[in-house]
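Results of the structural survey
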Amino acid sequence: MKRNHFILFLLAIAAAVGSPARAYAASGAPHIDGTGISLLWVLPFAGILLSIAVFPLVLPRLWHHHYGKISLFWGLLFITLFTLNFGWSTSVYYVLEVYLLEFIPFIMLLLALFTVSGGIHLRGALVGTPGVNTLILLLGTVLASWMGTTGAAMLLIRPLIRANEQRTRKTHIIVFFIFLVANIGGSLTPIGDPPLFLGFLKGVSFFWTTRYLLKEMVIAAAILIVLFYIIDTILYRRETVRPEPARGGGKITIEGKANFILLGAVVGAVITSSLDLGTAFTLHHVPVPAASVMQVALLLVITAVSIKITKKEVREANEFSWEPIREVAKLFATIFITMVTPIAMLKAGADGPLGFVIRSVVDGNGTFINANFFWATGILSSFLDNAPTYVVFFETAGGNAADLMTKYADTLVAISCGAVFMGANTYIGNAPNFMVKSIAEERGIAMPSFFGYILKYTIPILIPIFIVLTLLFF
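Values in this document were obtained by computation on a predicted structure and should not be read as measured data. (Residues numbered from 1 in each chain as written. Predicted model: local features only at pLDDT ≥ 70, side-chain atom pairs only at ≥ 80, totals over all residues. Heavy atoms only, no water.)

Regarding the pairing of strand β6 (residues 286-289)
What you see with β6 is a clean split: Val286 and Val288 sit on the buried side and Pro287 and Pro289 on the side with no burial. As paired strands, strand β5 (residues 279-283) and β6 are joined by four bridges and run antiparallel to one another. Looking at β6, one finds that leucine 283 is bridged to valine 286. (Buried < 20%, exposed > 50% of the residue type's maximum accessible area, 1.4 Å probe, protein only. Helix = DSSP H or I, 4+ residues; strand = E, 2+ residues; numbered from the N terminus. Pairing = 2+ DSSP bridges.)

Below, the structure is given as structure tokens:
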């Protein structure tokens, strides 16, 4: 009886969120027409975001032990309602598309980078002074564009934490690390951040971002670096006990050097996804590219090799555990599937439920408003996956890479900066943000809550910088 009541409950919700939207065939594949989707379909996505924001704050023990189940609840609720409203065929299509083409390559890349970087240990007298911390942030900012924000973040977060383990005030160090290394630093090449890689696949030349985003990246990074040094110096002077050399003092040495070769192999594996190798197989109208299969296979091999060749003592010295990657996998598995309907609304363009967002970037004469492109792309990238958000606005601006690199270069710069820079606005804006937070908390560093991060750091620090960039460039 209870089971029947639950089914009736789901049917009632499905009827409430039902809309004129229909599944339609595009090249034989079932799709949903985002034009008529009710805004209520955003609720499951909002539910997982609010769970991430509220549960750790009000019910921390429950969240710590059951976050996977809470995430699974929102994912299954969405899939159930989606199936009831759009049918089995459409539901299966989107589940396969999301997980085969997006989530599995995404989590395999994070797994490889997490495993490989966890096999590199910096041993020696690294002390968390303002100067040392600033140099680490600067190094990470530079590396992020050439080995990816995730790679640079996972490589340097542990040495940074160890260098500051004797300090009592260090939350700000991790937050600025997220700002610079996990986000803004990855803006100069397609390897740096997924949105730029999608732009590369759509025809944007490899070094276009290096040339056109350099000014914006340098100014944003310089302001943050200087601000960090000032804040860290003030807080360092308030320490009752000044940090001494980290354990294992003496000459600085690097253990697990072979993993640097594997980091290069990870970059190579990512680049293979841009190759046109045809379709490996098609499952329920979802064509899986052979290049994507090759990428995932290579990443799995790299992960296995890193585990095999890295000494146990190296990972123990890093206090390495699998919990951060497990947390990201469980939460983002739901985030990815519940984003289906919000992304469909955006792709519906000016006539969709979120048409006001699309219309806001073009004036009455059809001229692009670059400042609005920057903020619209950025704000949505803070809460949605920044890669599809970038594509939506790339297409809104015409979708022609040749024109966007030349005639409308300022517009493409605005879209690119919005997608990459504003990924730092929230923990979920970019995958390494959440991984860095998880690693820091695992090491006993008290990180702000979801809303606390936004209120204490994003609004007073990042937003003024983005306003300055708007006035200078957009």
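Additional details are given in the paragraphs that follow.
Quick look at helix α5 (residues 130-147)
With 18 residues, α5 extends 25 Å from end C-alpha to end C-alpha; this agrees with the ideal 26 Å at 1.5 Å per step. Within two residues after α5, glycine 148 carries a phi angle of roughly 85°, on the positive side. (Expected span 1.5 Å × (residues − 1).)

A few points about the side chain of threonine 334
Locating threonine 334 in the fold gives a position in helix α14 (residues 323-338). If we skip the residues at most four places from it in the chain, threonine 334 touches Ile48, Ser71, Leu72, Trp74 and Gly75. (Contact = heavy atoms within 4.5 Å.)

A few points about helix α20 (residues 409-421)
Counted at 1.5 Å a residue, the expected span for α20 with its 13 residues is 18 Å, and the 17 Å between its end C-alpha atoms agrees. Burial of α20 is extensive: 12 of the 13 residues sit out of reach of the surface.

Overview of the environment of alanine 440
Along the polypeptide, alanine 440 turns up in helix α21 (residues 431-442). Accessibility expressed as a relative area gives 0% for alanine 440, which makes it buried. Alanine 440 sits 28 residues away from leucine 412 along the chain, and the two C-alpha atoms are 35 Å apart. Contacts of alanine 440, omitting those with residues within four sequence positions, involve Ile161, Ile174, Ile445 and Met447.

A few points about a nonpolar patch on the surface
Where nonpolar side chains cluster on the molecular surface, the patch consists of Leu50, Val54, Leu57, Val58, Leu59, Leu62, Phe451, Leu455 and Ile459 and spans about 800 Å² of accessible area. Elements represented by at least two residues in the nonpolar patch include exactly α2 (43-58) and α22 (450-473). (Patch = residues over 30% accessible without salt bridge, like charges linked within 9 Å, V, L, I, M, F, W, Y side chains within 5 Å. Areas by Shrake-Rupley, 256 points an atom, 1.4 Å probe, with all protein chains shown as cover. Salt bridge = Lys/Arg side-chain N within 4 Å of Asp/Glu carboxyl O.)

None of this, on its own, says anything about what the molecule does.
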